[in-house]
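Structural description and commentary
Read off the chains here:
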Protein chains: 2
Amino acid sequence: MKALWLCVLPCLVPFLASLSQAEEGLEFPSFDGKERVININEKNYKKALKRYDMLCLLYHEPLGFNKELQKQYQMAQLVLELAAQVLEDKDIGFGMVDSQEDAKVAKKLGLEEEASVYIFKNERVIEFDGELSADTLVEFLLDLLEDPVELISNALELRAFDRMEEETRLIGFFKGEDSEYFRAFQEAAEHFQPYIKFFGTFDKGVAKELTLKMNEVDFYEPFMDEPMTIPGKPHLEEDIVEFVKIHRRPTLRKLRAEDMFETWEDDMEGIHIVAFAEEEDPDGFEFLEILKEVARDNTHNPDLSIVWIDPDNFPLLTTYWEKTFRVDLFKPQIGVVNVTDADSVWLHMPDDEDLPSAEELEDWIEDVLSGKVNTEDDDDDIVVPADDDDDDDDDITDFDDDNDDEDEDDGNL
Amino acid sequence: MKALWLCVLPCLVPFLASLSQAEEGLEFPSFDGKERVININEKNYKKALKRYDMLCLLYHEPLGFNKELQKQYQMAQLVLELAAQVLEDKDIGFGMVDSQEDAKVAKKLGLEEEASVYIFKNERVIEFDGELSADTLVEFLLDLLEDPVELISNALELRAFDRMEEETRLIGFFKGEDSEYFRAFQEAAEHFQPYIKFFGTFDKGVAKELTLKMNEVDFYEPFMDEPMTIPGKPHLEEDIVEFVKIHRRPTLRKLRAEDMFETWEDDMEGIHIVAFAEEEDPDGFEFLEILKEVARDNTHNPDLSIVWIDPDNFPLLTTYWEKTFRVDLFKPQIGVVNVTDADSVWLHMPDDEDLPSAEELEDWIEDVLSGKVNTEDDDDDIVVPADDDDDDDDDITDFDDDNDDEDEDDGNL
């Protein structure tokens, strides 16, 4: 996945204002001016790799005389500087690699995608292709410092595992820390840390609850009720890695700051089906439950992959999306987005008290997959909403409105 | 709550680097250089109030010749500029008020706490005393644009309501939009928006599920199973406001970016009981469940208020807290923090597989409330851990270790 260098993707660099309070205990760090980020080159890269437990490198295009680009990279460098300062005691090195000046080093290190950050840890390389803010980067690096496999040892901890339905996650049952199969599982976990979560248990009761046999590993796709058991236990590291690689793209996935660009690049023939829903909002939650039902019913369709975006997680992008996609994000939305030009078409929902049923959503998705609904062909299927306050929605298709208005009833209660 | 102006609290200002991608649809905004933030003074403040639906003012101390302070305020102003740009279509004005130069205006507007942001909306003033980052401020303002009362109209939406256990929230059952009691409820909601969530239902089924009678309002304290019914229905706006004011400080509350400084200022005689736990981590989740149990058992104790911090929500503060409090935040922690000097004392937990029981935690909390465990008296109750890799924890008190080591059993499964 190579990225071109335009000057479009603006990433967040936290700067710091030291406003004041009388109380102590909540002091945000501000950059102390001490430069910790290394300019990586052929002479120093081996030493840097040896020197730190983890080395975190921003791979960038040559800055040349482009003032705008230089300014942007100063900002990116400041993100790294602040992260380096904050994580000073964690033995993490930070550096920048110029794709032209340091082309040889980049090749040796396997850096490919400009504007990505690569983290070197125990002879592994982890690509960070997320929001380049100090917040997101520091959280990501702290996650990488945790054990690759979390242990589940009682019923309460199992509840924590059950609640993580947004996450792609694996869990295996092993004899103990010294089991060779547990070690293979740990090695496999390191390939995907921290994007995919690996859990292990040595507890028979937990294993029984999960219907796991000894050395068995289950793979949970996000939002699915039932896991898949990786066939052919006991597993070698490669078996698990291979299985995860094949199954990692889920039917429904949540956009996350730490790999948002990677997710966006992983489109389906140039498009994404995108759903906006605030989980904290009752309408958003309801819509999301309908969406999960559709995803569960269609999880075996390899052509279907829906990206769910919770606007609450991206406040600075919310109005940008409203403008770009011409939708009102105070209510749930689902549409098709062409990732090359951000052209889009959205399912018409009369209002947030009248959401489509799972069947209606499924019909619409079928129309998307068959090409009947598409971003290039806005003149078909257009409905001009009569009583809608959103006057921008000329790209909206209607859903089949047969059994509406009765959803508000309390029949389910 | 007045705050002094030191130069300690550094708040996050997002700057923007425009790195690039080939795909479109995820472009973070970068400051376009157009200045939108107004310098508020006696001549223009009335006009500004009239001109916008919402006016968002940063109240600040005089900058004088203090270069450091000037720099910090440039950063704060940039947060406002970016927020103003992002929210340009939402009819929100942004301004700065100097506490010395504009003392008269500040008095007229009721601005009191320097470094706070005040939002004027429909003749109400809302104080924002949270993390001054564009992310947090924009999310806060977007929340303020939503309806003050969210409607719950079916079983799925009710599930969304049930899941919000972290939030202080109210729900009332009314005849309909035109009910005078619903309107009073809406007016009351505006006093607390967006900090306290107000929900309403017109649906008999939903009301039945919540055991709500017509015009009845229930108040839910965070993490409590049972709500309190506001006595004396039907209610006037003032009744509800008064009740919320009296009951708003919960036994257990989660630290949130949008009002973190306000929460920190709301200490109990100079101290906070602080619990660190990652909800996404099985150990953290388990500890939190124990903590909730303790909170539920002690919810009638007015002297008890515990602040729960999820380190995942504050990545830039994690290592600062580890240094300041000398604790390892990769595992759950609970301690007492003196808010004037950040001196602290922490409950000793041998390791994260051996968490205290609810009873042990309750005993320790009793010792804190009685003063037996306190930050000034570190020489009492000290246990030097034998097998702990954390060598900084000289401020640690032990918990009663009677029934340890057996917690990992699968008895509960």
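Residues numbered from 1 in each chain as written. Chains lettered and ligands numbered in written order. Predicted model: local features only at pLDDT ≥ 70, side-chain atom pairs only at ≥ 80, totals over all residues. Heavy atoms only, no water.

Named according to an unreviewed UniProt entry, chain A is Calsequestrin originating from Conger conger. Recorded in UniProt for chain A, the comment headed Sequence similarities (unreviewed entry) runs: "Belongs to the calsequestrin family." (UniProt positions renumbered as here; feature names shortened; annotations may be inferred.)

For the rest of this paragraph, the subject is unusual backbone geometry. The peptide bond linking K233 of chain A to P234 of chain A adopts the cis configuration, its omega dihedral lying at -10°. Residue T211 of chain A is not a glycine yet carries a positive backbone phi of 50°. Positioned with a positive phi, A342 of chain B is a non-glycine residue whose angle comes to about 65°. Note on placement: A342 of chain B falls in the loop between β15 (333-338) and β16 (344-348). Overall, A342 of chain B belongs to the buried group, its relative accessible area being 6%. (Helix = DSSP H or I, 4+ residues; strand = E, 2+ residues; numbered from the N terminus. Buried < 20%, exposed > 50% of the residue type's maximum accessible area, 1.4 Å probe, protein only.)

With that settled, the discussion passes to the pattern of salt bridges. Counting across every chain of the model gives 46 salt bridges over all chains. For R256 of chain A, the salt bridge goes to D259 of chain A, with nearest N and O atoms at 2.9 Å. For the residue pair R256 of chain A and D259 of chain A, the accessibility class agrees, reading buried in each case. Salt bridges sharing partners connect three or more residues here, namely R159 of chain A together with E165, D225, E289, K292 and R296 of chain B. (Salt bridge = Lys/Arg side-chain N within 4 Å of Asp/Glu carboxyl O.)

Residue and element names in this part refer to chain B. If you check helix α10 (residues 282-297), its first and last C-alpha atoms are 23 Å apart, about what 16 residues at 1.5 Å a residue would give, namely 22 Å. Burial within α10 is extensive, with 13 of its 16 residues counted as buried. Capping the start of α10, D281 holds a side-chain oxygen 2.9 Å from the backbone nitrogen of D283, two or three residues further along. (Expected span 1.5 Å × (residues − 1). Polar contact = N/O pair within 3.5 Å; in protein donor to acceptor, adjacent residues only side chain to side chain.)

Residue and element names in this part refer to chain A. Evaluation of the coordinates by the stated rule reveals 32 aromatic pairs over all chains. With a centroid separation of 6.3 Å and 45° between ring planes, the pair formed by F276 and F325 is classed as tilted. Note that F276 is positioned in strand β13 (residues 271-276) and F325 in helix α11 (residues 315-325), a separation of 49 residues in sequence. Comparing F276 with F325 shows no difference in burial state: the two are buried. The residue whose ring lies beneath R51 is Y52, and the NZ or CZ to ring-centre distance is 4.5 Å. The aromatic ring of F161 is capped on one face by R169, whose charged end is 4.7 Å from the ring centroid. (Phe/Tyr/Trp six-rings, centres within 6.5 Å; stacked < 30°, edge-to-face > 60°. Lys NZ or Arg CZ within 6 Å of the ring centre and 35° of its normal.)

Moving on: the packing of helix α10 (residues 282-297) of chain A against helix α5 (residues 155-163) of chain B. In a pair of packed helices, the angle between the axes and the distance between the axes together describe the arrangement. Across the interface, α10 of chain A lies against α5 of chain B with an axial gap of 8 Å and an inter-helix angle of 115°. By crossing handedness, the relation of α10 of chain A to α5 of chain B is classed as right-handed. On α5 of chain B, the residues touching P282, D283, F285, E286 and E289 of chain A of α10 of chain A are L156, E157, R159, A160 and R163 of chain B. (Axes fitted to C-alpha atoms, helices over the stretch in contact; angles between N-to-C directions. Left-handed = near helix turned anticlockwise from the far one by under 90°. Contact = heavy atoms within 4.5 Å.)

Residues and elements named next belong to chain B. The mixed open sheet is built from five strands, whose spatial order is β7-β9-β8-β10-β11. Lying at the two open borders of the sheet, with one neighbouring strand each, are β7 (149-151) and β11 (228-229). Looking at chain direction, strand β10 (residues 217-220) and β11 are connected through two bridges and run antiparallel. The residue of β11 that forms the bridge with F219 is M228. Packing against the sheet, α5 makes contact with β7, β8 (169-173), β9 (197-201) and β10, and its axis sits at approximately 150° to β8. (Pairing = 2+ DSSP bridges.)

Glancing now at a negative patch on the surface. Residues and elements named next belong to chain A. A cluster of acidic side chains, namely E293, D297, E359, D363 and E366, defines a negative patch on the protein surface. Every element with two or more residues in the negative patch is listed here: α10 and α12 (358-370). The element that contributes the greatest number of residues to the negative patch is α12, accounting for three residues. Summarising the element assignment, D363 is placed in helix α12. Looking at D363, the relative accessible area reads 41%, which means it is partly exposed. (Patch = residues over 30% accessible without salt bridge, like charges linked within 9 Å, V, L, I, M, F, W, Y side chains within 5 Å. Areas by Shrake-Rupley, 256 points an atom, 1.4 Å probe, with all protein chains shown as cover. Lys, Arg positive; Asp, Glu negative; His and termini not counted. Charge placed at Lys NZ, Arg CZ, Asp CG, Glu CD.)

Take α5 of chain B next. An α-helix turns once per 3.6 residues; consequently, residues spaced three or four apart project the same way. Of the residues making up α5 of chain B, those classed as buried are A155, E157, L158, A160 and F161 of chain B. Among the structural elements, α10 of chain A together with β7, β8, β9, α7 (204-209) and β10 of chain B are those in contact with the buried residues of α5 of chain B. Capping the start of α5 of chain B is the job of one residue whose side-chain oxygen sits 3.1 Å from the backbone nitrogen of L156 of chain B: N154 of chain B.

What follows covers the confidence of the model for chain A. Residues and elements named next belong to chain A. Per-residue pLDDT for chain A has a mean of 87; in total, 85% of the residues score no lower than 70. The low-confidence segment residues 1-18, where pLDDT is below 50, has 113 contacts with residues more than four positions distant or belonging to other chains. Below pLDDT 50 for its whole length, residues 379-394 participates in 21 contacts with residues either more than four positions away or in separate chains. Among the prediction metrics, the complex's ipTM stands at 0.87, with pTM recorded as 0.87. (pLDDT = per-residue confidence, 0-100.)

Turning next to the packing of helix α6 (residues 180-192) of chain B against helix α8 (residues 237-247) of chain B. Residue and element names in this part refer to chain B. Two numbers describe how α6 lies on α8: the axes approach to 8 Å, and their chain directions differ by 35°. Between α6 and α8 lies a crossing of right-handed hand. The segment α6 lies against α8, with A184, F185, E187, A188, H191 and F192 engaging E237, I240, V241, V244 and K245. Of the residues belonging to the contact of α6 with α8, the class tally is seven nonpolar, one polar and three charged. (Nonpolar A, V, L, I, M, F, W, Y, C, P; charged D, E, K, R; others polar.)

All names here are of chain A. Here we have five strands laid out as an open sheet, ordered β7-β9-β8-β10-β11, and mixed in their pairing. At either margin of the open sheet sits one strand with a lone partner, and together these are β7 (149-151) and β11 (228-229). Here strand β8 (residues 169-173) runs beside strand β10 (residues 217-220); their pairing, made up of four bridges, is antiparallel. Bridged to R169 within β10 is Y220. Against the sheet, helix α5 (residues 155-163) engages β7, β8, β9 (197-201) and β10, with an angle of about 150° to β8. Of the strands in this sheet, β7, β8, β9 and β10 are in contact with helix α6 (residues 180-192), which crosses β9 at around 165°.

Once that is clear, we can look at the side chain of K292 of chain A. Residues and elements named next belong to chain A. Looking at the secondary structure, you find K292 in helix α10. Of the polar contacts made by the side chain of K292, one reaches the side chain of E165; its length is 2.5 Å. Here the side chain of K292 touches E289 through a polar contact of 2.9 Å, side chain to side chain. Non-local contacts of K292, meaning those with residues more than four positions away in its chain, are made with E165, F223 and L252.

Its place among the elements puts D259 of chain B in the loop between β12 (252-254) and α9 (260-265). If we skip the residues at most four places from it in the chain, D259 of chain B touches D129, G130 and Y195 of chain B.

On to the pairing of strand β5 (residues 117-121) of chain B. Residue and element names in this part refer to chain B. Across the five residues that make up β5, a large majority, five, are buried. Here β5 shows no split at all, with V117, I119 and K121 on one side and Y118 and F120 on the other all buried. Across five bridges, the pairing between strand β3 (residues 54-60) and β5 is antiparallel. Counterpart to C56 in the pairing with β5 is I119. Connecting β5 to the antiparallel partner strand β6 (residues 124-128) that follows it, the hairpin turn spans two residues, and N122 within it adopts a positive phi of roughly 45°.

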